Amino acid sequence: MRISALTAQAVPWKNGGGVTRELAVHEQDGHMVWRVSLADITRNGPFSAFPGLARIHCVTEGAGHSLSNRHTRLEARPLQPLCFDGGADLACSLRDGPCKAFNVIYDPEQVRAEARILADGPVPDADVRQVLFVVCGSLQMAGTDRLGPGEGIVTQSAAGVVVTGGGTVIQVRILPV
């Protein structure tokens, strides 16, 4: 399944601090198992909490930000996936202006998610559901299909998929618990 931040509808956050573009969601029995989205973070303020869920957050544009509360300080840096409790009550402080971030929110009782950054070359294949999201460069699919920045796929196999053009791709593997 193809996904695209270029065509996904931007939905404003409740706190007005940005917008989110939902790229893909998997539900089971009316409950979210996992979702991927791209967020524009435009100002400092409360960070959305998702109680009972886990989160992977990866800055794709901009200098990033800090997430903190009285007990915790997390640094969200460009192209460094950050894993944390989605239910944590955190405030966001932008480092040097607005940024964009790719997010994976998932139910850790149903699945496990792992994210890594890929550069030019073949995408490591595994027979698990995975999301590939192009940050820059391109993703050459088996055959002639090519995806550019802001596009991606949800697939069960990445056989024959290659990162090209000086590309950077986020690979998220969705694994059973």
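Residues numbered from 1 in each chain as written. Predicted model: local features only at pLDDT ≥ 70, side-chain atom pairs only at ≥ 80, totals over all residues. Heavy atoms only, no water.

- Looking at an unreviewed UniProt entry, the chain carries the name Various environmental stresses-induced protein, with the source organism given as Leisingera aquaemixtae.

**Some words on the pattern of salt bridges**
Now for step 1: Applying the stated rule across the entire model yields 9 salt bridges.
Now for step 2: Arg-2 is the partner of Asp-145 in a salt bridge, and the nearest nitrogen-oxygen pair spans 3.2 Å. You can see Asp-145 sitting in the loop between β13 (129–140) and β14 (146–147) and its partner Arg-2 sitting in strand β1 (residues 2–4), a full 143 residues away along the chain.
Now for step 3: Here Asp-145 falls in the partly exposed class, since its relative accessible area comes to 31%.
Now for step 4: Close ionic contact of Asp-40 with Lys-100 constitutes a salt bridge, the shortest N to O distance being 3.5 Å. Separated by 60 residues along the polypeptide, Asp-40 in strand β4 (residues 31–41) and Lys-100 in strand β11 (residues 99–106) bring together distant segments of the chain.
Now for step 5: Here Asp-40 falls in the buried class, since its relative accessible area comes to 14%. (Salt bridge = Lys/Arg side-chain N within 4 Å of Asp/Glu carboxyl O. Helix = DSSP H or I, 4+ residues; strand = E, 2+ residues; numbered from the N terminus. Buried < 20%, exposed > 50% of the residue type's maximum accessible area, 1.4 Å probe, protein only.)

**With respect to the nonpolar core**
Now for step 1: In this structure, Leu-23, Trp-34, Phe-102 and Phe-133 are the most contacted members of the largest nonpolar core, which totals 24 residues.
Now for step 2: The biggest single contributor to this core is β4, with 4 residues.
Now for step 3: Viewed by domain, this core spans two of them, domain 1 (7–106) and domain 2 (111–176), each represented by three or more residues.
Now for step 4: When residues no more than four places from it in sequence are discounted, the contact partners of Leu-23 are Ile-3, Ser-4, Ala-5, Ala-8, Val-36, Ser-37, Leu-38, Phe-102 and Phe-133.
Now for step 5: One finds Trp-13, Ala-76, Phe-84 and Cys-92 within the second-largest nonpolar core, a separate group that totals 15 residues. (Core = buried A, V, L, I, M, F, W, Y, C linked by side-chain atoms within 4.5 Å. Domains from an automatic or database assignment. Contact = heavy atoms within 4.5 Å.)

**Topic: the domain arrangement of the chain**
Now for step 1: Domain assignment breaks the chain into domain 1 (7–106) and domain 2 (111–176).
Now for step 2: Domain 1 and domain 2 are separated by 21 Å when their C-alpha centres are compared.
Now for step 3: With 15 residues of domain 1 at the contact, the number on the domain 2 side is 15 residues.
Now for step 4: Seen at the junction of domain 1 and domain 2, the total is 0 salt bridges.
Now for step 5: Put simply, domain 1 and domain 2 have 1 residue pair in polar contact (both at pLDDT 80 or more) between them.
Now for step 6: At the level of secondary structure, the elements contributing two or more residues to the side of domain 1 that touches domain 2 comprise β3 (18–28), β4, β6 (54–61) and β11.
Now for step 7: Top element by residues in the side of domain 1 that touches domain 2 is β4. It accounts for 4 residues. (Polar contact = N/O pair within 3.5 Å; in protein donor to acceptor, adjacent residues only side chain to side chain.)

**Some thoughts on unusual backbone geometry**
Now for step 1: If you check the backbone angles, Asp-29 has positive phi at about 50° while not being a glycine.
Now for step 2: We note that Leu-79 has phi near 55°; this positive angle belongs to a residue other than glycine.
Now for step 3: Locating Leu-79 in the fold gives a position in the loop between β8 (73–76) and β9 (82–85).

**Quick word on the sheet that holds strand β5 (residues 45–46)**
Now for step 1: As summarised here, the arrangement of the 4 strands in space is β5-β10-β7-β8, forming an open sheet in which the pairing is antiparallel. This sheet does not close on itself; its edge strands, each paired only once, are β5 and β8. (Pairing = 2+ DSSP bridges.)

**Some details on the pairing of β11**
Now for step 1: Along β11, 7 of the 8 residues are buried, which leaves the element largely enclosed by surrounding structure.
Now for step 2: The pairing of β6 with β11 spans 7 bridges and is antiparallel. Its bridge partner lying in β11, Ile-56 is registered against Val-104.

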